[in-house]
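# Summary of structural features
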Amino acid sequence: MYIDTHTHIYLNDFDDDRKKIISDCLDNGVDKLLLPNIDKSSISAVIKTCKDYKNICFPMVGLHPCYVKDSYKNDLDYLKPIIKSINTVAIGEIGIDLYWDKSNLEIQRNAFIEQINWAKEFKLPIVIHARDSYSEIFEVLDEMNDENLNGIFHCFSSSLQDAERILKYGGFKLGIGGVVTFKNSGLDKVVKQIDIKNIVLETDSPYLTPTPFRGTRNKSSYIPVIANKLSDIYEISSEEIGKITTKNASEVFNI
Ligand SMILES: [Zn+2]
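What you are looking at is a predicted structure, and each value in this text was computed from that prediction instead of being measured. (Residues numbered from 1 in each chain as written. Predicted model: local features only at pLDDT ≥ 70, side-chain atom pairs only at ≥ 80, totals over all residues.)

## What about helix H9 (residues 238-253)?
The terminal C-alpha atoms of H9 lie 22 Å apart, and with 16 residues this matches the ideal 22 Å at 1.5 Å per residue to within 8%. Within the span of H9, buried status applies to Ile241, Gly242, Thr245, Thr246, Asn248, Ala249, Val252 and Phe253. The buried residues of H9 occupy an angular sector of 165 degrees when projected down its axis, which confines them to one face. What points out from H9, more than 90 degrees from its buried face, is the exposed set Glu239 and Lys247. Backbone geometry just after H9 places Asn254 at a positive phi near 60 degrees. (Helix = DSSP H or I, 4+ residues; strand = E, 2+ residues; numbered from the N terminus. Expected span 1.5 Å × (residues − 1). Buried ≥ 20, exposed ≤ 12 C-beta atoms within 10 Å, placed from the backbone. Arc of directions from axis to C-beta.)

What follows is the structure in structure tokens.
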């Protein structure tokens, strides 16, 4: 019924109770989880978790912009062959993050561009991480977008204007998670003006826990909390939210 399109359930944070969380997910109708690695060191945990929970967990492969270092070319060379060797559903998470470090914009951009080219080569969607970097990302996509490029703007939490610009590319949807439940985010008002056909659900667990669970570890079984918030926003049932967002995610990720 629901898909969590972005969770880091493979991280150590879940080593003690991963099995229980996945069974809670299934009890709550969350029956597919999409797992992006972060860097070279996290890919084996992604692969192992997807093997342990086959047909529930699906891998994504990419180099997170916060982990793009001077040696990023080696990391990309390491990651690229893995895409074909496992059943990768997307290239991600990739993008540009200028919140933590502005000094390495150039290599972040280079890594982003190279990974968009992987997506084109392997005909996979991309999952974009954008933080304080929408205009830099738009600059890249203005150059590289084509009729086959598609994907998700993960953890979308920007303006209606940015949302409209993203949707104009034609192949992109917005990943909506816990931030939409935060009282002062204003994201609910933006989302209300976006057609739900452009929305997919995500937790980004263990991060960005939705209200009223803030301050604790986020988990994929909270996806219905986000669906309930969207149900209030769009004034349709959570079941309907589940049905539509699952269809949206299945189309993008081909699962
Ligand atoms: Zn993430």
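Having seen it, we continue.
## Points about helix H4 (residues 105-122)
Here H4 is 18 residues long and its end C-alpha atoms lie 26 Å apart, about the 26 Å a rise of 1.5 Å per residue gives. Regarding H4, the residues found buried are Gln108, Ala111, Phe112, Gln115, Ile116 and Ala119. Angularly, the buried residues of H4 cover 140 degrees about the axis, an arc narrow enough to put them on a single face. Facing away from the buried surface of H4 by more than 90 degrees, the exposed residues are Glu106, Asn117 and Glu121. Buried positions along H4 lie against helix H3 (72-85), strand S4 (90-97), strand S5 (126-131) and helix H5 (134-144). Where H4 ends, the next residue or the one after it, Lys123, has phi of about 55 degrees, a positive value. (Contact = placed C-beta atoms within 7 Å.)

## Focus: the pairing of strand S6 (residues 151-154)
Taken together, the 4 bridges between S5 and S6 define a ladder with parallel strand orientation. Bridge pairing links Val127 to Ile152 in S6. Sheet topology places S6 next to strand S7 (residues 172-176); 3 bridges connect them, and they run parallel. By the bridge assignment for S7, Phe153 is matched with Leu174. (Pairing = 2+ DSSP bridges.)

## A closer look at the packing of helix H8 (residues 223-234) against H9
The N-to-C vectors of H8 and H9 enclose an angle of 105 degrees; their axes lie 8 Å apart at closest approach. Between H8 and H9, the angle falls in the class roughly perpendicular. Contacts between H8 and H9 involve Pro224, Ala227, Asn228, Leu230, Ser231 and Tyr234 on the former and, on the latter, Ser238, Ile241 and Gly242. Taken together, the residues of the contact of H8 with H9 sort by class into 5 nonpolar, 4 polar and no charged. (Axes fitted to C-alpha atoms, helices over the stretch in contact; angles between N-to-C directions. Parallel < 35°, antiparallel > 145°, perpendicular 65-115°, else oblique. Nonpolar A, V, L, I, M, F, W, Y, C, P; charged D, E, K, R; others polar.)

## Quick look at the pairing of S7
Walk down a regular strand and you will see the side chains alternate between the two sheet faces. By the criterion of burial, S7 is predominantly enclosed, with 5 of the 5 residues buried. Crossover handedness for the path S6 to helix H6 (residues 160-168) to S7: right-handed. One ladder, built from 3 bridges, connects S7 with strand S8 (residues 199-201); its direction is parallel. Following the sheet pairing, Ile176 is matched in S8 by Leu201. The parallel pair S7 and S8 is bridged by helix H7 (residues 187-192), and the resulting crossover is right-handed. (Right-handed = clockwise from strand over helix to strand, strands pointing away.)

Honestly, it's all geometry; don't read function into it.
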